[in-house]
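# Examination of the molecular architecture
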Amino acid sequence: RTGVMSVFGDGVLEEGRIRGAKGGRKRFCFVGTGLLHLEPDGRVYPCSSLLDAALELGRVEPASVTESLMEIWMHSGVLAAVRKLTVENLASCRDCDISSLCAGGCRSAAYWATGSLSGDYPYCWLHRELWRNRESLACKP
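Residues numbered from 1 in each chain as written. Predicted model: local features only at pLDDT ≥ 70, side-chain atom pairs only at ≥ 80, totals over all residues. Heavy atoms only, no water.

### Focus: the overall build of the chain
Counting its regular elements, the chain contains six helices and four strands. When the helices and strands of the chain are placed in sequence order, the string is β-β-β-β-α-α-α-α-α-α. Within the chain, the proportion of its 141 residues that are buried is 38%. Counting contacts in the chain only where the partners sit at least 6 residues apart, residues at least 24 apart contribute 48% of the total. Accessible surface, the chain: about 8,400 Å² in total, of which carbon and sulfur atoms supply 56%. (Helix = DSSP H or I, 4+ residues; strand = E, 2+ residues; numbered from the N terminus. Buried < 20%, exposed > 50% of the residue type's maximum accessible area, 1.4 Å probe, protein only. Contact = heavy atoms within 4.5 Å. Areas by Shrake-Rupley, 256 points an atom, 1.4 Å probe, with all protein chains shown as cover.)

What follows is the structure, encoded as structure tokens:
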């Protein structure tokens, strides 16, 4: 693929913030809240790792690039759903003691492993294990 990832956001949406009010992370990255992937033919996706026809957000029209992007950004059902995927709304993260560290993990990895953007992050076990053993893994002089 030859598309590009573009930072895209209005700087106003609360959903665009990665850190929650208490300083812990509430989302893994800016997918759906601060970036989009654009293909050369105008197709738009939520992320460069989510290039699936089921997640195509629409197409940018060359004659109205700004208007096309704003329409997609403001009215895409896929983006609206992605914006709700915070640690508070992911079932496997609600009671997790390290959810503010991994923030639910990469939604792309969850999608490709489970078929759902809200699916379990496939490397959750690794984050938990690394956190549990963080002191023994720390580099010491």
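### Overview of a nonpolar patch on the surface
A cluster of nonpolar side chains, contributed by Tyr123, Trp125, Leu126, Leu130 and Leu137, occupies part of the molecular surface with about 530 Å² of accessible area. Here the nonpolar patch takes three residues from helix H5 (residues 124-132), the largest share from any one element. Mapped onto the elements of the fold, tyrosine 123 is located in the loop between helix H4 (107-114) and H5. Of the residues examined, tyrosine 123 reaches a relative accessible area of 43% and is grouped as partly exposed. (Patch = residues over 30% accessible without salt bridge, like charges linked within 9 Å, V, L, I, M, F, W, Y side chains within 5 Å. Salt bridge = Lys/Arg side-chain N within 4 Å of Asp/Glu carboxyl O.)

### Here's the deal with the side chain of glutamate 39
Within the fold, glutamate 39 resides in the loop between strand E2 (35-38) and strand E3 (43-45). Engagement of the side chain of glutamate 39 in a polar contact is seen with the side chain of histidine 37, the distance being 2.6 Å. (Polar contact = N/O pair within 3.5 Å; in protein donor to acceptor, adjacent residues only side chain to side chain.)

### Examining the packing of aromatic side chains
One pass over the structure, following the stated rule, counts two aromatic pairs. With 5.1 Å between their ring centres and 80° between their planes, tyrosine 111 and tryptophan 112 make a pair best called edge-to-face. The interplanar angle of 70° and the centroid separation of 5.7 Å between the aromatic rings of tyrosine 121 and tyrosine 123 together place this pair among those described as edge-to-face. (Phe/Tyr/Trp six-rings, centres within 6.5 Å; stacked < 30°, edge-to-face > 60°.)

### Looking at H4
When we look at burial in H4, the residues that qualify are Arg107, Ser108, Ala110 and Tyr111. Buried residues of H4 fall within an arc of 160° about the axis and therefore sit on the same side. Backbone geometry just downstream of H4 places glycine 115 in the positive-phi region, at approximately 85°. (Arc of directions from axis to C-beta.)

### What to know about the pattern of salt bridges
Applying the stated rule across the entire model yields five salt bridges. Here glutamate 129 makes a salt bridge to arginine 132, at a shortest N to O gap of 3.1 Å. Placement of the pair is glutamate 129 and arginine 132 together in helix H5, with a separation of three residues, close to one helical turn. Overall, glutamate 129 belongs to the partly exposed group, its relative accessible area being 37%.

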